[in-house]
Every structure is written in structure tokens, then in C-alpha cells.
Amino acid sequence: MSERLVTSAQLRAGRALLGLSQAELAGRTCLSTSIIQQAEAEGGPDASEAARAAIRVALEEQGMIFLEADGREGPGVRLRHSGPPDEGLRPDQLTSDNDI
């Protein structure tokens, strides 16, 4: 996603997908927990653009991808693919030494 700010819902979803608490995210961004809460809240007092951008960057560094809305779908999030899946051992590689 471009430098465009993301929605509150995307910030909440991104943090949840990464399994981070608001306190953990606050620590990674050097922001207070109350600023994280404001950025994730719909309506009410809002966090500054700089704070929201810092949260976005911290989540992206942990593997979050922010998806922009297009003509068919709204904005969203997903985790970055971290490489090929572990396919385990092939049958000819199985031995009593690697039996679990």
C-alpha cells in the first residue's frame, strides 16, 4: 500500500493477525497504549497522522500487508508470504531415525 493512511479497522485487524496486544504494539512504535487505542477506535478522538503512520510501518515490518479498496472489495489486510510451505519428508526419506 502506498504511504496513504490505513483505516482503524485495518489497524485492529493487522494487530490481531500478528497476535500483538495493544501494549506490545505501543512498545514497538514508542507510542502510548492510549494512542494505539485512539488509532484503532471508530469515531471519537483520533490519533495523529504521524502516529497512525508509525503504527502502519510497525505492522508492515512484522509482515502485514495493507490492501487498498478497489471497485469490488473494501480495504483489508493479509500476512506476507514467508516462503514455501514445509512439505515434510518424502516417503523414501522416512526412517526409524526420523520417526516422531
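Analysis parameters
- Residues numbered from 1 in each chain as written.
- Predicted model: local features only at pLDDT ≥ 70, side-chain atom pairs only at ≥ 80, totals over all residues.
- Heavy atoms only, no water.
- Core = buried A, V, L, I, M, F, W, Y, C linked by side-chain atoms within 4.5 Å.
- Buried < 20%, exposed > 50% of the residue type's maximum accessible area, 1.4 Å probe, protein only.
- Contact = heavy atoms within 4.5 Å.
- Helix = DSSP H or I, 4+ residues; strand = E, 2+ residues; numbered from the N terminus.
- Polar contact = N/O pair within 3.5 Å; in protein donor to acceptor, adjacent residues only side chain to side chain.
- Salt bridge = Lys/Arg side-chain N within 4 Å of Asp/Glu carboxyl O.

A. Region of the structure containing the nonpolar core. Ranked by size, the top nonpolar core spans 15 residues in total, and within it Leu11, Leu25, Ile55, Leu59 and Phe66 carry the most contacts. Leave out the neighbours within four places in its chain, and Ile55 touches Leu11, Leu25, Thr29, Leu31, Ile36 and Ala39.

B. Structural context of the side chain of Arg15. The topology assignment puts Arg15 in helix 1 (residues 8–18). Engagement of the side chain of Arg15 in a polar contact is seen with the side chain of Glu40, the distance being 2.6 Å. Excluding its chain neighbours within four sequence positions, the residues that come into contact with Arg15 are Leu20, Ser21, Gln22, Leu25, Glu40 and Leu59.

C. The arrangement of the pattern of salt bridges in detail. Evaluated as defined, the whole model comprises four salt bridges. Arg12 serves as the salt-bridge partner of Glu42, at 3.4 Å between the closest nitrogen and oxygen. Taken together, the residues Glu42 in the loop between helix 3 (33–40) and helix 4 (49–61) and Arg12 in helix 1 connect sequence positions 30 residues apart. Among the salt bridges present, the one from Arg52 reaches Asp46, with a minimum N-O distance of 3.3 Å.

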